[in-house]
Amino acid sequence: MRLKAILADDEPNILRNLQAVIPWAELEIDIVGTAKNGVDALELSRLHEPDLVMSDIRMPLMDGITFVQKLREINEACKVLMVTGYQDFEYARSLMRVGVSDYMLKPINYEELENCIRKLANEIRENKAIKQQEQQKWGKMKNLAYEKILQDVLMNYTEISTYTLLPIDNMDLETMTYSFMMIDVDDYSQKSLPWSEQERKLWNFAVRNVMQDSLANFKAEFSVLQMREGEWCLLIQWDTRGGEDNGVQAEETQMQSNLHEVALKLQKDVRESVKLGISIGFYPSAVGLRLLSDTYRKLQRFMQLNLNKQESVLLYRESKEQADANSSLWYLVEEIVTGLKQLNRIKTEDALSRLKLLLEGLPNSSFARAYQMLHFLILHVLRELREMNSLDVQEEEQVWRQLDTSESIQHLLQVMVQLAAIGLEGTNKKKNSELLMTAAKEYIRTHYSNDFGIEDIASSLGISSSYFSLLFKQQFGETFVEYVTKHRMELAKSMLLHSDKSITDIGRSVGYTERRYFTKVFQKFTGEIPSEYREKRMEPK
């Protein structure tokens, strides 16, 4: 790691000797400038941002002390080695208060000086390495937090407000727009049927890695988010700062062209690396954060209902079906899936009944397409049940055998009914308490910023408050209040250190509307009030 240094002294002979005697090349230090006074030294420091400055105290126009004081305003990390003719130790020691790392007395002992410079250079490199590691660590944490926010938004797990989103650097998430692509492995349900759970994880991990590598040299920021097995969303932040003459339509046309190229490259790389075909759909225009969840559902529906797609690149088009969503096959199948996820038998069976009525009322001319659509929707439900761990391999194989022999809509409907029954029965195979507590944990995660209690969450699960409290303590080893408070306080600590939000706003973000109560709880949890916690841990500016 090469370093940059500046030498400042009003005596030309000393400057020449410093450059000639000290083995700068061996020390891997480049002399980027020399100055005869403090004014020139300061200007060079602004220009080159040196790691090391060696300066005399007595210089014309601006002395060394004033120079260092002004240097600290523009460069806090730079090491300063001061050269002084003063023999008074107390004066030399006082230099440390203005940010001097070390000092040498004239006449200069060049061997001692070399050792001092070597020591300072080692300190600089060590500090740089630590800072780089911290930046990499924070960068990784920032990316993980950012992707978690995006995933929660896509799945509609969180409300978008200034209070519920964790600030990351200076990113204003609400004003960001994204190009949206959805990647789906062709025939994933059937291809993955013989794979074990570990094999499925490895295949999905491999596909995501290939896509990440394929986009490694991409000029725009992007996030690849796995939504379920064999399905990913790619969100791209384009740099749209083009010429002023470009209209919105021209920008969208260019964006679509860019996305098409990206899709073709992803298909090629995945096919060559893991021997799987992928189909990719993309939205025609940029999407804001608040529309991500709706866009994801639109693209997922669009992709699933594009029958017989194989390694396709599809530009999203609005559906030409009738506008009433309650009458669409897709909507009813989504209702079935939602009912299964919520352990709601009534909701699931109601959606199934409406699906039967819809299929019974179809004209003969629509049967062929409805058959194909229902077949693909059954595969969609299969994948969702697999994500929920609600069916085993034997049950899935049985469904596939029935699909292979189905010849009519009535047969497919029977398969759908059977799938729903498997899903509901699959949830009962697990310990009911585990399912309830999984749902409770999800409720807590998505309601941190709200003021809720045991009664609210117990009511949402359809059980009594006392039974909920008993199950919660058994499952997590702590009470509901302890669990929620701990997680709220950890989030508050993170926000205090990594955001500029006020104490009041942070309290609201984690579910405390009154600052006084938030402060009291935080002090009980950490031993410090929020302002003290922030001040003690913030790096000095």
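Residues numbered from 1 in each chain as written. Predicted model: local features only at pLDDT ≥ 70, side-chain atom pairs only at ≥ 80, totals over all residues. Heavy atoms only, no water.

Let's talk about the overall build of the chain
Next up, step 1: The helix and strand tally for the chain stands at 21 helices and eleven strands.
Next up, step 2: Across the 541 residues of the chain, 46% fall into the buried class.
Next up, step 3: A separation of at least 24 residues holds for 68% of the contacts in the chain among residues at least 6 apart in sequence.
Next up, step 4: Accessible surface, the chain: about 28900 Å² in total, of which carbon and sulfur atoms supply 48%. (Helix = DSSP H or I, 4+ residues; strand = E, 2+ residues; numbered from the N terminus. Buried < 20%, exposed > 50% of the residue type's maximum accessible area, 1.4 Å probe, protein only. Contact = heavy atoms within 4.5 Å. Areas by Shrake-Rupley, 256 points an atom, 1.4 Å probe, with all protein chains shown as cover.)

Here we look at the packing of aromatic side chains
Next up, step 1: This model, assessed by the stated rule, comprises twelve aromatic pairs.
Next up, step 2: Centre to centre, the rings of Phe 472 and Tyr 483 are 5.3 Å apart; their planes meet at 85°, and the pair counts as edge-to-face. With Phe 472 in helix H17 (residues 465-476) and Tyr 483 in helix H18 (residues 480-498), this residue pair connects regions lying eleven residues apart in the sequence. Like Tyr 483, Phe 472 is buried.
Next up, step 3: Ring geometry for Tyr 512 versus Tyr 517: centroids 5.6 Å apart, planes at 55°, classification tilted.
Next up, step 4: A relative accessible area of 5% places Tyr 512 in the buried class.
Next up, step 5: Members of the aromatic cluster, joined through ring pairs, are Tyr 512, Tyr 517, Phe 518, Phe 522 and Tyr 533.
Next up, step 6: The lysine or arginine in question, Arg 488, covers the ring of Tyr 512, its NZ or CZ lying 5.5 Å from the ring centre. (Phe/Tyr/Trp six-rings, centres within 6.5 Å; stacked < 30°, edge-to-face > 60°. Lys NZ or Arg CZ within 6 Å of the ring centre and 35° of its normal.)

With respect to the confidence of the model for the chain
Next up, step 1: For the chain, the average pLDDT comes to 81, and 85% of its residues sit at 70 or higher.
Next up, step 2: Highest mean pLDDT in the chain belongs to strand E9 (residues 278-282) (93); lowest belongs to helix H4 (residues 89-94) (62).
Next up, step 3: In this model, residues 162-170 is a region of pLDDT below 50 whose contacts with residues beyond four sequence positions or in other chains number 27 contacts.
Next up, step 4: Scored below 50 in pLDDT, residues 322-327 shows six contacts in the model against residues more than four places distant or in partner chains. (pLDDT = per-residue confidence, 0-100.)

So, the pattern of salt bridges
Where side chains of opposite charge bring their charged atoms close, a pairing between them can arise.
Next up, step 1: By the definition in use, this model includes 27 salt bridges.
Next up, step 2: Its salt-bridge partner being Arg 228, residue Glu 231 comes within 3.0 Å of it at the nearest N-O pair. Judged on exposure class, the residue Glu 231 and its partner Arg 228 are both buried.
Next up, step 3: Glu 478 is the salt-bridge partner of Lys 486, the closest N and O atoms lying 3.2 Å from each other.
Next up, step 4: What makes Lys 486 partly exposed here is its relative accessible area of 31%. (Salt bridge = Lys/Arg side-chain N within 4 Å of Asp/Glu carboxyl O.)

A closer look at the side chain of Arg 125
Next up, step 1: Summarising the element assignment, Arg 125 is placed in helix H5 (residues 110-154).
Next up, step 2: Buried charge without a partner: Arg 125 forms no salt bridge, and the closest opposite charge is Glu 28, 4.9 Å away.
Next up, step 3: Setting aside chain neighbours within four positions, we find Arg 125 in contact with Met 1, Leu 3, Leu 27, Glu 28 and Ile 29. (Lys, Arg positive; Asp, Glu negative; His and termini not counted.)

Some remarks on the sheet that holds strand E1 (residues 3-8)
Next up, step 1: The strand order E2-E1-E3-E4-E5 describes an open sheet built from five strands, whose pairing is parallel. Looking along the sheet, the strands with just one partner apiece sit at the ends: strand E2 (29-35) and strand E5 (102-105). Across the sheet, the mean angle separating the axes of adjacent strands is 20° when strand polarity is ignored.
Next up, step 2: Bridge count for strand E4 (residues 79-84) against E5 is four bridges, and the pairing is parallel. Bridge pairing in E5 links Val 83 to Met 104.
Next up, step 3: Packed on one face of the sheet, helix H2 (residues 38-48) meets E1, E2 and strand E3 (52-56) and runs near 140° to E2. (Pairing = 2+ DSSP bridges. Axes fitted to C-alpha atoms, helices over the stretch in contact; angles between N-to-C directions.)

Notes on the pairing of E3
Next up, step 1: Of all the five residues making up E3, five are buried; the element is thus mostly covered by neighbouring parts of the structure.
Next up, step 2: Burial along E3 is two-sided: the face carrying Leu 52, Met 54 and Asp 56 and the face carrying Val 53 and Ser 55 are both buried.
Next up, step 3: Where E1 meets E3, four bridges bridge the pair, whose relative direction is parallel. Paired with Ala 5 across the bridge in E3 is Leu 52.
Next up, step 4: Relative to E4, E3 is paired through five bridges, and the arrangement is parallel. Looking at E4, one finds that Met 54 is bridged to Leu 81.
Next up, step 5: For the crossover from E3 across helix H3 (residues 64-74) to E4, the handedness is right-handed. (Right-handed = clockwise from strand over helix to strand, strands pointing away.)

A few points about the packing of helix H10 (residues 329-341) against helix H12 (residues 367-387)
Next up, step 1: As a packed pair, H10 and H12 sit with axes 10 Å apart at the nearest point and diverge in direction by 20°. On the basis of the axis angle, H10 is roughly parallel to H12. Two packed elements cross with a definite hand, and for H10 against H12 that hand is right-handed. Only Ala 370, Met 373, Leu 377, His 380, Val 381, Glu 384 and Leu 385 of H12 make contact with H10, whose side of the interface consists of Leu 329, Trp 330, Val 333, Glu 334, Val 337, Leu 340 and Lys 341.
Next up, step 2: Per-class residue counts for the contact of H10 with H12 are ten nonpolar, one polar and three charged. (Parallel < 35°, antiparallel > 145°, perpendicular 65-115°, else oblique. Left-handed = near helix turned anticlockwise from the far one by under 90°. Nonpolar A, V, L, I, M, F, W, Y, C, P; charged D, E, K, R; others polar.)

Quick notes on the pairing of E9
Next up, step 1: For E9, the tally of buried residues reaches five of five residues, placing the bulk of the element in the interior.
Next up, step 2: Burial of E9 is two-sided: the residues Ile 278, Ile 280 and Phe 282 facing one way and the residues Ser 279 and Gly 281 facing the other way are all buried.
Next up, step 3: Relative to strand E11 (residues 313-315), E9 runs parallel, the two being bridged by three bridges. Following the sheet pairing, Gly 281 is matched in E11 by Leu 314.

Here we look at the side chain of Arg 383
Next up, step 1: Considering the arrangement of structural elements, one finds Arg 383 in helix H12.
Next up, step 2: With residues near it in sequence (within four places) discarded, Arg 383 still touches Asp 184, Tyr 188, Ser 189, Arg 228, Glu 229, Gly 230, Glu 231 and Gln 304.

Description of empty space enclosed by the protein
Next up, step 1: Across all of its chains, the model carries one cavity of 30 Å³ or more by this definition.
Next up, step 2: As for the largest cavity, its lining consists of Leu 7, Ala 8, Asp 9, Ile 14, Leu 18, Met 54, Ser 55, Asp 56 and Val 83.
Next up, step 3: Sorting the residues of the lining of the largest cavity by element identifies E1, helix H1 (12-21) and E3 as the ones contributing at least two each.
Next up, step 4: Among the elements that make up the lining of the largest cavity, the one with the highest residue count is E3 (three residues).
Next up, step 5: Classifying every residue of the lining of the largest cavity gives six nonpolar, one polar and two charged. (1 Å grid on protein atoms, 1.4 Å probe; cavity = no way out; pocket = protein on both sides within 12 Å on 5 of 7 lines; lining within 4 Å. Points joined across faces, edges and corners; volume = space filled by probe spheres on them.)

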